[in-house]
Amino acid sequence: MTRTTATHQDLDWLLDGLVDSVAETRNAVLLSDDGLVVSHSRSIGRSDAERLAAICTGQQSLARGVGQLFRGGAVHQVIVELSDLWLFIISAGQGTHLAVVASQDVDAEVMSLAMHNLVQQVGQKLGTAVRGEFDAFGTGPRP
């Protein structure tokens, strides 16, 4: 699949490796806390990667809400099981999350372990810098 918008191509091959190494894995996306695509596997187009990133940001937000309400601490992993698919989302580095879509036939334990191993091995390369505060309405103090 041809990439039409720049991503961190030095990370794309890592995601391709994850997709290739775990049977029944379909797609992998590295996304920032605010839902932007940092990198994606060759198996998913840019527009679908962007939609997946937005969905995963929402899932992470819901999980954080549960953690706050019930004093559960930080979110480490979100797993969504559908009739035909699994969606796995884990914290990847500072300000990033790794999302993987796999068929229902994937070994969920193997997938979870592979994702965590990838993050452990190259986690420092997966982080994104915290973006500055953006005041869309111009209500904050002026410099």
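Quantities reported herein were computed from a predicted structural model and do not represent experimental measurements.

About the criteria used
- Residues numbered from 1 in each chain as written.
- Predicted model: local features only at pLDDT ≥ 70, side-chain atom pairs only at ≥ 80, totals over all residues.
- Heavy atoms only, no water.
- Salt bridge = Lys/Arg side-chain N within 4 Å of Asp/Glu carboxyl O.
- Helix = DSSP H or I, 4+ residues; strand = E, 2+ residues; numbered from the N terminus.
- Buried < 20%, exposed > 50% of the residue type's maximum accessible area, 1.4 Å probe, protein only.
- Contact = heavy atoms within 4.5 Å.
- 1 Å grid on protein atoms, 1.4 Å probe; cavity = no way out; pocket = protein on both sides within 12 Å on 5 of 7 lines; lining within 4 Å.
- Points joined across faces, edges and corners; volume = space filled by probe spheres on them.
- Nonpolar A, V, L, I, M, F, W, Y, C, P; charged D, E, K, R; others polar.

A.B. asks: Is there a simple way to think about the pattern of salt bridges in this case?
C.D. replies: Once their charged atoms are close, side chains differing in charge can pair, the charge on each being opposite to the other. Overall, the coordinates contain three salt bridges when judged by the stated rule. Glu 50 is paired through a salt bridge with Arg 46; the nearest N and O atoms lie 3.0 Å apart. Here Glu 50 and its partner Arg 46 are both found in helix α2 (residues 46-69), four residues apart, which amounts to about one turn of the helix. The class of Arg 46 is buried, set by a relative accessible area of 13%. Three or more residues are tied together by salt bridges with common partners; here these are Asp 16, Asp 20 and Arg 42.

A.B. asks: Help me understand the environment of Ile 79 in this model?
C.D. replies: Its location among the elements puts Ile 79 in strand β3 (residues 77-81). Among the residues examined, Ile 79 registers a relative accessible area of 40% and is labelled partly exposed. Separated by 20 residues in the primary sequence, Ile 79 and Gln 59 place their C-alpha atoms 9.3 Å from one another. Beyond its immediate stretch of four places on either side in the chain, Ile 79 contacts Trp 86, Leu 87 and Phe 88.

A.B. asks: When you look at the layout of surface pockets in this model, what are you seeing that I'm missing?
C.D. replies: Rolled over the atoms, a probe with the dimensions of a water molecule shows which regions are left empty. Approximately 240 Å³ is the volume found for the largest pocket. Considering the residues around the largest pocket, the lining is formed by 14 residues, among which Asn 27, Ile 44, Asp 48, Leu 52 and Val 101 are closest to the centre. For the lining of the largest pocket, the secondary structure elements donating two or more residues are α2 and β4 (85-93). For the lining of the largest pocket, the leading source of residues is α2, giving four residues. Its residues placed into classes, the lining of the largest pocket shows nine nonpolar, three polar and two charged.

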